[in-house]
Every structure is written in structure tokens, then in C-alpha cells.
Amino acid sequence: KQWYQRRVAITAGEINNLFFLLLVVRYVNGSIPSPKERHSNHPNMTTEKIKSVIWVILMDKKKQKITAGRVPETVTAGELRDAVCRKLRITPDGNEAFAIWICSPLLQIQLKPTHYPTALCDMWYDLLSQFAATTESQAKTDLPVIMMMRNVFYPLEQERCLIMSDPQARYYLTAEAMFNVLTGRYPIEDELAFKLAALQLKMEGKRETSYPSGTIQSVAHEILPWDVMRRNKKQPLHIEKRVREYMKSLNLSTPGTLDHLYLSHCWTQTCYRCGFFNGQTEMVGKKKDIPVRVGITPHNIIIWNKITNKLVQLIPTKDISNTKYVSKTMAELDNSQVTTKLIEGNDTNPKKKEKSTDCDSALIPLL
């Protein structure tokens, strides 16, 4: 589905000026009114008329009901995260590994601990018009939800230590990693995909004997990323053979170590703990742009072709300094050398005023 009705081009030479934008998830810079100010705009709204309950969706497809005890709009993201972590029995040290996010199909925002999640939900239409490339009709029907996901800023070194002492934090970090693998956000090689598929089946309590010969193919779409399925669609027996072999090799693994093993495989991938947003490339001589997904970590800026899930370009952040970064061409895209430029969703029409993309604004749109 095409979300890019208005676009603004970001050329390679401008990457230096947008370094902070690409490197981290940006924060809302005080544009959210305080709860007192918001209630002053709604004179008929009283505390008694507002439900003191906030639902938070988790990455294992479950949700937590948090009783605010006061007007929900006065509850900060930090308080909400801590309340969820207490209910999930995550240790206080593990709280920092997670953050409250506001998410919808058009935009995702990681909040500071001092921000007000429900206030952001009330302002969602305004945020979409400012930060997402969408039509008015799409924006009006877009509904945000409050989620708890991994904190993009949480260091990987601390995560390695945390999961050794906090099994609950390990469980939810694994659930998020599995979601990103299965949806193709973490593009991986076929052999690693087969390993992770076997681990997933083991974590779900399945045994090799649970699947008679030829039946693993029937659940392949539930345990393998779509791009791996596409590459192996003509050899389903190969999928069956490799997943079954990896399941045999895991017979001696104890259940408590499986999620640790799953995460350790994900840590080897450059794309792990990326923050994502949408973009697209313009191809010389082509009328249509190619949609891309851009991932940002403290070490790399990564661009994938969304149609094929193939790597287009990886830019180490150490290569972006005070001098402008110059890219001659992007890497191979569908076996052809193309010159491209990164687009973030605003209008490329020179007759129209381009929207500002200042780095102090608070968010980065994610896929």
C-alpha cells in the first residue's frame, strides 16, 4: 500500500546534517501540553468521567491492564513502564531495557519517561500530519495503541548481562526479536532462519516426533520469514530437512536456555535493535520509486529493499563525520547498479513548500 503522497528528498550530501535524525529515535521536544493545560481545553471533562485504566500491548501478543489510580493523562511513560514491569515481575534493573511506545500502521514513537502516552494518543491526528506521509483519510482512520518494547538506546552489552539474571526480561526481549525475524524486519540468511525456526518450535514445546514426515512444511509460514519462504518455495523438502536436523541438535538443550540461544543468534546480526522508518529510492530512468526500510543503530545506518528484503546499503556511522558523506551509487539492487537517493515521506514537488525535518523534533517514524 502506498503511503507516500508527499515526500522530501534527502540526498547523500545532506546525511551529515541529518545525522542525529538517522542515528537515534528522536524525542518529542516539549510540544505535548501538560495534563493541566489539556484539561483546561475540555471544561466538561472531569476525573470521574475518565476511566482510570490504561491497556499496554506487549510483544508476545498479550496486553496488560494498568489501573492508573488517577486521571490517565497525568501518568507518565516512565510510571507506566515501571507499573507494567512490576506486573510482569521484571527486575528494577531490567526496566531500562524497555520503553513505552505509541504505535500505529503509519507511525511509531518511543517516548521519554517524562512524556504522557494518553496525551499523545489524543494528539495522534496532529502528529501524523506533521511526521507521517499520509493522506487525510488514512490519518483519520489510523488508531494508535500503547506498547512496551525494547528501548532503542539500551546498550547491547547491558542486555547480555541482564538476560542472565532476569528471565522475564529475557522472555520479552526474545518475543520482540522473534517478531522482527518472522516479519522480515531482521533480514537473515536461510540457514540461520532454519536454526531459529527449530528453536521457536522447541520453545513452543514441540518435539520432532510431533511432526510426521512432510508436515513441517505445513507450518513453515509460521516459523520462517516471508523472504526465506519465497527463496525456498521450489524446494519445500529442503526446508523440512534442515529444520528437522536443527531440532535434533537441540534435543539436549534445556528449555530455560532456548530463549537465550535465540537471542544470542540475533545478536550476531547487524540489524539487531534497529529503530526502523520508511523511505524509498528513486531509480534513474524509472518512473516508480522503490520502497525501502531504513534501520538505525548506534553503529550503522542500514537500508533494505522492502520488496525483496535485500540489503541496499550499509553506512557505518564512523564514516559520517564533520565532512559530508558522499555516496557515488547505492549497492546492488535487484542485480543492477542504480543511482538512488533516500526519501523520507514528504512532498518532492518543488512548487510546494517542503516540510521542515529538524532534529529536535521528537520522533522517528518506524515501519
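Just so you know, these numbers come straight off a predicted model, no measurement behind them. (Residues numbered from 1 in each chain as written. Predicted model: local features only at pLDDT ≥ 70, side-chain atom pairs only at ≥ 80, totals over all residues. Heavy atoms only, no water.)

1. Quick word on the overall build of the chain
Logical step 1: Broken down by element type, the chain carries 13 helices and 11 strands.
Logical step 2: Looking at the chain as a whole, 51% of its 367 residues are labelled buried.
Logical step 3: Excluding contacts between residues fewer than 6 apart, the proportion of contacts in the chain whose partners are at least 24 apart in sequence is 67%.
Logical step 4: Total accessible area computed for the chain in this model is approximately 18600 Å², and 53% of it derives from carbon and sulfur atoms. (Helix = DSSP H or I, 4+ residues; strand = E, 2+ residues; numbered from the N terminus. Buried < 20%, exposed > 50% of the residue type's maximum accessible area, 1.4 Å probe, protein only. Contact = heavy atoms within 4.5 Å. Areas by Shrake-Rupley, 256 points an atom, 1.4 Å probe, with all protein chains shown as cover.)

2. As for the pairing of strand E10 (residues 311-316)
Logical step 1: With five bridges connecting them, strand E9 (residues 300-305) and E10 associate as antiparallel partners. Looking at the pairing, Ile303 lines up with Gln313 of E10.
Logical step 2: Two successive antiparallel strands, E9 and E10, enclose a turn made up of five residues, where Asn309 displays a positive phi of approximately 65°. (Pairing = 2+ DSSP bridges.)

3. A look at helix H8 (residues 167-182)
Logical step 1: Spanning 16 residues, H8 covers 22 Å between terminal C-alpha atoms, matching the ideal 22 Å at 1.5 Å per step.
Logical step 2: Taken together, the buried positions of H8 are occupied by Ala169, Arg170, Tyr172, Leu173, Thr174, Ala175, Glu176, Ala177, Met178, Asn180 and Val181.
Logical step 3: In this structure Asp166 caps H8, since a side-chain oxygen of it lies 3.2 Å from the backbone nitrogen of Gln168.
Logical step 4: Downstream of H8 by a residue or two, Gly184 has a phi angle that is positive, lying close to 85°. (Expected span 1.5 Å × (residues − 1). Polar contact = N/O pair within 3.5 Å; in protein donor to acceptor, adjacent residues only side chain to side chain.)

4. Here we look at unusual backbone geometry
Logical step 1: Positive phi, close to 70°, is recorded for Lys61, a residue that is not glycine.
Logical step 2: Structurally, the position occupied by Lys61 is in the loop between strand E2 (53-57) and strand E3 (63-67).

5. What about the nonpolar core?
Logical step 1: Core analysis: the largest hydrophobic core is formed by 73 residues, its most contacted members being Val56, Met148, Leu224 and Val243.
Logical step 2: A per-element tally of this core places helix H9 (residues 190-203) first, with eight residues.
Logical step 3: Look past the residues within four positions of Val243 in its chain and what remains in contact with it is Phe194, Ala197, Ala198, Leu201, Ile216 and Ile223. (Core = buried A, V, L, I, M, F, W, Y, C linked by side-chain atoms within 4.5 Å.)

6. Remarks on the packing of H8 against H9
Logical step 1: Their axes nearest at 12 Å, the elements H8 and H9 cross at an angle of 135°. As far as their axial angle goes, H9 and H8 are oblique. H9 is crossed by H8, and the crossing has left-handed handedness. Packed against H8, whose contacting residues are Thr174, Met178, Val181 and Leu182, the element H9 presents Leu196, Gln200 and Met203 at the interface. (Axes fitted to C-alpha atoms, helices over the stretch in contact; angles between N-to-C directions. Parallel < 35°, antiparallel > 145°, perpendicular 65-115°, else oblique. Left-handed = near helix turned anticlockwise from the far one by under 90°.)

7. With respect to the packing of aromatic side chains
Logical step 1: With the rule as written, the count across this model stands at four aromatic pairs.
Logical step 2: With a centroid separation of 4.7 Å and 85° between ring planes, the pair formed by Tyr171 and Tyr172 is classed as edge-to-face.
Logical step 3: Here Tyr171 falls in the partly exposed class, since its relative accessible area comes to 35%.
Logical step 4: Summarising the aromatic geometry, the rings of Phe276 and Trp304 are spaced 6.0 Å apart at their centres and angled 45° between planes, so their arrangement reads as tilted. Within this pair, whereas Phe276 is found in strand E7 (residues 275-281), its partner Trp304 is found in strand E9, the two being separated by 28 residues in sequence.
Logical step 5: Using a relative accessible area of 4% as the deciding quantity, one classes Trp304 as buried.
Logical step 6: Members of the aromatic cluster, joined through ring pairs, are Tyr186, Tyr272, Phe276 and Trp304. (Phe/Tyr/Trp six-rings, centres within 6.5 Å; stacked < 30°, edge-to-face > 60°.)

8. Looking at the pattern of salt bridges
Logical step 1: Inspection of every chain in the model, using the stated rule, returns 11 salt bridges.
Logical step 2: Between Asp227 and Arg231 there is a salt bridge, and its shortest N-O distance comes to 3.4 Å. Of the two residues, Asp227 and Arg231 both sit in helix H11 (residues 226-231), four residues apart, roughly one turn of that helix.
Logical step 3: Of the residues examined, Arg231 reaches a relative accessible area of 43% and is grouped as partly exposed. (Salt bridge = Lys/Arg side-chain N within 4 Å of Asp/Glu carboxyl O.)

9. Digging into the environment of Pro316
Logical step 1: Its place among the elements puts Pro316 in strand E10.
Logical step 2: Filtering out sequence-adjacent residues up to four positions away, Pro316 remains in contact with His299 and Asn300.

10. Considering the confidence of the model for the chain
Logical step 1: For the chain, per-residue confidence averages 74 on the pLDDT scale, and 71% of positions sit at 70 or higher.
Logical step 2: Below pLDDT 50 for its whole length, residues 322-367 participates in 142 contacts with residues either more than four positions away or in separate chains. (pLDDT = per-residue confidence, 0-100.)

11. Remarks on the state of the cysteines
One way to say it: the disulfide is the covalent bond shared by the sulfur atoms of two cysteines.
Logical step 1: Per the counting criterion, the structure on display carries zero disulfides.
Logical step 2: Here Cys271 stays unpaired: no disulfide links it, and the sulfur of Cys274, its closest cysteine neighbor, is 6.0 Å away. (Disulfide = S-S within 2.5 Å.)

12. Brief notes about the side chain of Asn309
Logical step 1: With respect to the helices, strands and loops of the structure, Asn309 is situated in the loop between E9 and E10.
Logical step 2: A distance of 3.4 Å separates the side chain of Asn309 from the side chain of Asp227, its partner in a polar contact.
Logical step 3: Every residue in contact with Asn309, bar those within four places of it in the chain, is listed here: Gly184, Pro187, Trp226, Asp227, Arg293 and Trp304.

13. With respect to the pairing of strand E4 (residues 98-103)
Across a regular strand the side chains alternate sides, sitting on one face of the sheet and then on the other.
Logical step 1: Taking burial as the measure, the six residues of E4 include six buried ones, the bulk of the element.
Logical step 2: Side chains of E4 alternate between two faces, with Phe98, Ile100 and Ile102 and Ala99, Trp101 and Cys103 buried alike.
Logical step 3: The pairing of E4 with strand E5 (residues 108-110) spans three bridges and is antiparallel. Residue pairing across strands places Ile102 opposite Ile109, the latter belonging to E5.
Logical step 4: The turn linking E4 back onto E5 is made up of four residues.

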